[in-house]
Amino acid sequence: MSGLVDDSLQTDRFIEQLAGAFGLLALLLAAIGLYGLMAYTVSRRTRDIGIRLALGAEPGNVLRQILCETLVLVLLGIAIGVPLALGGTHLVRSLLFGLGFADPVAILLAVTLLTTVAALAGFLPAWRASQVDPIVALRYE
C-alpha cells in the first residue's frame, strides 16, 4: 500500500522540486540583475560620489545612501509583486497544499528573503562607491 501511495505522489514531488528549482533560479536572476543595475548606476555617478567624498562626506554615508536606493527599488518591486501574486493564487490553487489564499507567513518569508538577497546584491556596488578615491573619481571620464 505504501508503494502505491509513493507512486501516486511521485508527480506531485517532481512538480514541487521543479518549482523550487525555478524559484531559486528566479531569485538568482533577480540578484544578478539588481547587482548589475546598481553597479551601472554607481559607475555613472562615480564623479558625483567623488565630489561628495572630496567635500567631506563620510564613506558610511555614501554606503548608506546607495543601499537605501537599492532597498527603495526592492520595496517598489514588492509593492507591485505581492498584489499580483495574491491575484494569481487562484491559478495555482491546486498546487498550494495546506496554504490558504493569502498565507501571511509564506508572504512574509518571501519578502524577507527577497529583501535580504537584494541588500547583499546591492552591498558590493555600494561598498565600492564608498571606497572611491576622490582624486581618481574627479579625473574619471
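As the structure is a computational prediction, the values presented were derived from the model and not from experiment. (Residues numbered from 1 in each chain as written. Predicted model: local features only at pLDDT ≥ 70, side-chain atom pairs only at ≥ 80, totals over all residues. Heavy atoms only, no water.)

Trainee: Explain the overall build of the protein chain to me, please; I cannot follow it from the model alone.
Mentor: Check the secondary structure of the protein chain and you find five helices and zero strands. Listing each helix as α and each strand as β along the protein chain from the N terminus yields α-α-α-α-α. Counting only C-alpha atoms and orienting by the principal axes, one finds that the protein chain spans roughly 75 × 25 × 20 Å. Split into buried and exposed, the 141 residues of the protein chain put 18% on the buried side. Counting contacts in the protein chain only where the partners sit at least 6 residues apart, residues at least 24 apart contribute 81% of the total. Accessible surface, the protein chain as shown: approximately 9,800 Å² in total, 71% of it carbon and sulfur. Placing the 9 positive and 10 negative side-chain charges of the protein chain at their respective mean positions leaves the two points 14 Å apart. (Helix = DSSP H or I, 4+ residues; strand = E, 2+ residues; numbered from the N terminus. Buried < 20%, exposed > 50% of the residue type's maximum accessible area, 1.4 Å probe, protein only. Contact = heavy atoms within 4.5 Å. Areas by Shrake-Rupley, 256 points an atom, 1.4 Å probe, with all protein chains shown as cover. Lys, Arg positive; Asp, Glu negative; His and termini not counted. Charge placed at Lys NZ, Arg CZ, Asp CG, Glu CD.)

Trainee: Help me understand helix α2 (residues 46-54) in this model?
Mentor: Given 3.6 residues to a turn, an α-helix orients residues that are three or four positions apart in the same direction. Buried within α2 are the following residues: T46, I49, G50 and L53. Take α2 and look down its axis: the buried residues cluster within an arc of 100°, on one side only. Buried residues belonging to α2 abut α1 (2-44), α3 (59-87), α4 (104-130) and α5 (134-139). (Arc of directions from axis to C-beta.)

Trainee: Teacher, can you tell me more about the confidence of the model for the protein chain here?
Mentor: Any region with low pLDDT has predicted coordinates that should not be read closely. This prediction gives the protein chain a mean pLDDT of 85; 93% of its residues lie at or above 70. Within the protein chain, α3 carries the highest mean pLDDT (90), whereas α5 carries the lowest (77). (pLDDT = per-residue confidence, 0-100.)

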